[in-house]
Amino acid sequence: MSRRRTAVIAFVLSLVVAGGSGATALADLPGHSARMVPIMTQNMDEGTDFGPLLSASTPLQLLSAVATTYLEVQASNIPERAAAVAREIGAKQPTLVALQEVSLWRTGAFGVPPAANVAFDQLQSLLDALTQQGLHYAPIAIQTELDAEAPSALGFDVRVTDRNVVLARTDLMTSQFQVVGVQMQNYAAELVVPTLAGSLPIPRGWIAVDAQIRGTAYRFITTHLEAVSTAVQVAQGNELLIGPASTTLPLVIAGDFNSAAAGGPDPSTTYSNMINGGLTDAWTVATPTDAGFTWPLHGEDPFTPTATLSERIDLVLIRNGVGVSGATRVGNTTADQTLSGLWPSDHAGVVASLLMPDTP
């Protein structure tokens, strides 16, 4: 981790730990006990599945594919969808929010990288929408994964930066909740995709946040595992288990695992490896009779009518004494769509109310 990134994280942590003059106690909030931690995970959907890019085999096809992808992202209306995610957060008020596919799209002069003109920033759009709703959240960790750029038939370069992000509430009293440490790292196992410009690695990683609630310490991890290669994904899951998940602290892992929990198109062994590694699926504890499918809410076209949800890949996993008092999906009904008929994401979000055990 660079000194600059470390300094930025330390600064943001100081804001989160300090809280504000209007700080609220968790126990004063409706439905929140003194040791209950509501958390949320949401894949925000970059606005494209990069389908045209995967099939481009000539330079002219690549130019066209980049243009098609950019216009698709534009049509997905990132600010409007981010506002819908902000409404989900406002309705549930989780203490910590795990976000995946938080994209940053930039443009620049044709064939002259790096592109630096911000076109769409999902994180900033979300933070702006949260502020407009009077909600108090700040990013305590921002992890860069894919960062790639290519020229387009539109006459300019298009650059996409994919990120994992953890948000924390900043209006809670430090005696009730505080962040005490942040770690992040990319997996050694990664997918490498052949492109016309050469091999393109697709980094994936994890963020681990150590926090306290009324003196009870716990670890909150988010991750976004590989979707295309099962072998790479399984290796990443194993790295997670022997890395940040190897702790005696009460543990919560929330993210997009791309491994179906109850059957579906992605039946990799990652999910069972997590369970066999001692983790418990919070959803099955809270709602054992509900399959709780979280994907897909729509196809590559953001205006696709309701799809048939077929698998649960957005998970909340717990260990070391963490209890569950409830879990629900958000962003998965037509009432959650935006005014123009867009889904907040192609993934449903998951909110879990967790009970932390006493720790020394």
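Residues numbered from 1 in each chain as written. Predicted model: local features only at pLDDT ≥ 70, side-chain atom pairs only at ≥ 80, totals over all residues. Heavy atoms only, no water.

K.L.:
Can you break down the overall build of the chain residue by residue, with the values?
P.N.:
From N to C terminus, the chain includes eight helices and 16 strands. Scored against the burial criterion, the 360 residues of the chain give a buried share of 54%. Across the chain, contacts joining residues at least 24 apart in sequence account for 75% of those joining residues at least 6 apart. Accessible surface for the chain amounts to roughly 14,300 Å². Of this, 56% is attributable to carbon and sulfur atoms. (Helix = DSSP H or I, 4+ residues; strand = E, 2+ residues; numbered from the N terminus. Buried < 20%, exposed > 50% of the residue type's maximum accessible area, 1.4 Å probe, protein only. Contact = heavy atoms within 4.5 Å. Areas by Shrake-Rupley, 256 points an atom, 1.4 Å probe, with all protein chains shown as cover.)

K.L.:
Now, about unusual backbone geometry: what can you tell me, with residues and values included?
P.N.:
The residue after P113, namely P114, is reached through a cis peptide bond having omega 0°. One can find P114 in the loop between β3 (104–109) and β4 (117–121). The phi dihedral of E101 is positive, around 50°, even though this residue is not glycine. Examined against the element boundaries, E101 turns out to sit in the loop between β2 (96–100) and β3. Of note, N320 is a non-glycine position whose phi angle comes to about 65°, a positive value. Within the secondary structure layout, N320 lies in the loop between β14 (314–319) and β15 (323–330). The exposure class of N320 is partly exposed, given its relative accessible area of 29%.

K.L.:
Please provide a residue-by-residue account of the packing of aromatic side chains, values included.
P.N.:
Scanning the entire structure with this criterion turns up three aromatic pairs. Centroid distance F50 to W105: 6.1 Å. Interplanar angle 25°. Geometry classified as stacked. Separated by 55 residues along the polypeptide, F50 in the loop between β1 (36–43) and α2 (51–55) and W105 in strand β3 bring together distant segments of the chain. Across the pair, exposure class does not vary: F50 and W105 are buried alike. Ring plane angle 40° and centroid distance 5.8 Å describe the contact between Y70 and F120, whose orientation is recorded as tilted. Remark: F120 occurs in strand β4 and Y70 occurs in helix α3 (residues 59–75); sequence separation between them is 50 residues. Of the two residues, Y70 and F120, neither departs from the other in class, the shared state being buried. One aromatic cluster in this structure is built from Y70, F120 and F156. (Phe/Tyr/Trp six-rings, centres within 6.5 Å; stacked < 30°, edge-to-face > 60°.)

K.L.:
Report on the environment of A189, specifying residues and quantitative values.
P.N.:
Among the structural elements, A189 can be located in the loop between β7 (177–186) and β8 (191–195). Residue A189 is classed as buried on the basis of its relative accessible area, which comes to 16%. For the pair A189 and V232, spaced 43 residues apart in the sequence, the C-alpha separation amounts to 5.8 Å. Not counting residues up to four positions away in its chain, the partners in contact with A189 are V232, A235, Q236 and E239.

K.L.:
Break down the pattern of salt bridges for me, citing the residues and quoting the values.
P.N.:
Applying the stated rule across the entire model yields seven salt bridges. Two residues, R204 and E226, come together in a salt bridge whose shortest N-O distance is 3.2 Å. Of this pair, R204 sits in the loop between β9 (198–202) and β10 (205–213) while E226 sits in the loop between β11 (216–224) and α6 (230–242), placing them 22 residues apart in sequence. Judged on exposure class, the residue R204 and its partner E226 are both buried. (Salt bridge = Lys/Arg side-chain N within 4 Å of Asp/Glu carboxyl O.)

Such coordinate-based values are descriptive only and should not be taken to indicate function.
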